[in-house]
Protein chains: 2
Amino acid sequence: MAGVIPVSFTGGEIGEWRVVTMDAIRGEPLPPVSNLAVHPRHVSLSPPASWVLHGTKNHVRYTERQEQVTLDAKQEGLGRPSATCAALIPIRKSEAWWGMTQEERRAIFEEQSGHIAKSIAYLPAIARRLYHCRDLGEPFDFLTWFEYAPEHGEAFDALVATLRTSREWDFVEAEVDIRLVLS
Amino acid sequence: MAGVIPVSFTGGEIGEWRVVTMDAIRGEPLPPVSNLAVHPRHVSLSPPASWVLHGTKNHVRYTERQEQVTLDAKQEGLGRPSATCAALIPIRKSEAWWGMTQEERRAIFEEQSGHIAKSIAYLPAIARRLYHCRDLGEPFDFLTWFEYAPEHGEAFDALVATLRTSREWDFVEAEVDIRLVLS
């Protein structure tokens, strides 16, 4: 789980993922694009891309050992042939969130909001990867990435809906929901 | 405490801090330089600098609320006129460290190693700031920065020595100790 994996998502006219919908749930939208490309490194913005978001998969920040054991036993990796649907959901949390100490954030994240417990219920159907970008000086704090088969689209909607009603989401000040299909 | 502050440290022939010593405590050294400059943004490497290290001050990762209250009450900020000595100590921890979950890392960091408790004893003499860089794809995980008056040099040596004998330091695989004076 310790591998450091950089990523860049470029939005524009080319890319292996076709954009189905782009919704600004909170805060500013991203400029509309037809396609999204995923790059396993940090790339600069260059035409024909109209925007780029950078992140880094890295060590876990809130997950505890017993939760990690459960996650490892249930989750499946990215790139499954059946997973032709994806979602990129960039998120930024408020200064109030980041001003809290670790155990205060953890208490809201899991004990009050059940972020991990709720997500486990959707494994292995929904594969996910979290990229961090707050240290990078990016416009978002996280780039959350999900992959699933078309028949699990409703389950994914339910997962997103339940998280958005949680206490944790009181601290989300920007969120863009980009739904994708393999092109 | 939630402010995001980027930094670049450039080593070379110019810079407001004159290098007194540079010691590779563990792992690879940094190329020797005569001066160090501190930039409040992420800058690219350009002559006459021979190396650059980037980091970001950001939210606390291990400190709990009661510890933060104590720190806030005792610590002083950077840039005190009396603090004409400084140290830049870049550190990289092992994959074994980053493969642990949050509560496992915290237990080693504080309950076993007393990182915060030991550091509090040196406040307000030693002012410090931690910059994170693991998400940035840098050669180190942290850039630790300290400022103190000349008469507190021995106290700083004692602080560094006690941390280096702690359990946490079993997970430090690269550490360069750069001592500086205002030029």
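Residues numbered from 1 in each chain as written. Chains lettered and ligands numbered in written order. Predicted model: local features only at pLDDT ≥ 70, side-chain atom pairs only at ≥ 80, totals over all residues. Heavy atoms only, no water.

J.: Can you explain the environment of A:A125? Please cite residues and give values.
T.: All names here are of chain A. Tracing the backbone shows A125 in the loop between α4 (115-120) and β6 (127-132). Taking the C-alpha atoms as reference points, A125 and E147, separated by 22 residues in sequence, lie 8.4 Å from one another. With residues up to four places along the chain from it excluded, the contact list for A125 reads R80, E147, Y148 and H152. (Helix = DSSP H or I, 4+ residues; strand = E, 2+ residues; numbered from the N terminus. Contact = heavy atoms within 4.5 Å.)

J.: Run through the nonpolar core, naming residues and quoting values.
T.: Residues B:I89, B:I91, B:W97, B:I126, B:F146 and B:F156 are the most contacted members of the largest nonpolar core, which totals 27 residues. Taken together, the elements giving at least two residues each to this core come down to β5 (85-93), α2 (95-98), α3 (102-112), α4 (115-120), β7 (142-148), α5 (153-164) and β8 (172-182) of chain B. Setting aside residues up to four positions removed in sequence, B:F146 forms contacts with B:C85, B:A86, B:A87, B:I89, B:I126, B:A127, B:R128 and B:F156. Ranked by size, the runner-up nonpolar core spans 26 residues in total, among them A:W97, A:F142, A:V160 and A:L163. (Core = buried A, V, L, I, M, F, W, Y, C linked by side-chain atoms within 4.5 Å. Buried < 20%, exposed > 50% of the residue type's maximum accessible area, 1.4 Å probe, protein only.)

J.: Describe the relation of the copies chain A and chain B, listing the residues and the values that go with them.
T.: Both copies of the chain are related through a single rotation about an axis accompanied by a shift along the same axis. Screw-axis analysis of chain A against chain B gives a translation of 0.0 Å along the axis, an RMSD of 0.0 Å, and a rotation angle of 180°. On the angle and the small slide along the axis, the relation comes out as a two-fold axis. When you check the interface residues of chain A against chain B, 100% turn up at the interface there too, and the contact is symmetric in its surfaces. (Least-squares fit on C-alpha atoms with pLDDT ≥ 70 in both.)

J.: Describe helix α1 (residues 65-74) of chain B, with residues and values.
T.: Residues and elements named next belong to chain B. Residues of α1 that are buried include every one of E67, Q68 and L71, and no others. For α1, the arc enclosing every buried residue in end-on projection is 100°, short of the 170-degree limit, so these residues lie on one face. In this structure, α1 carries Q66 and A73 as exposed residues pointing more than 90 degrees from its buried face. Where α1 is buried, its residues touch α3 and α4. (Arc of directions from axis to C-beta.)

J.: Tell me about the pairing of strand β3 (residues 35-39) of chain A, residues and numbers included.
T.: Residues and elements named next belong to chain A. Burial of β3 is extensive: four of the five residues sit out of reach of the surface. Taken together, the five bridges between strand β1 (residues 5-12) and β3 define a ladder with antiparallel strand orientation. When the sheet's bridge partners are listed, T10 is paired in β3 with A37. Relative to β3, strand β2 (residues 17-26) is paired through two bridges, and the arrangement is antiparallel. Counterpart to W17 in the pairing with β3 is L36. (Pairing = 2+ DSSP bridges.)

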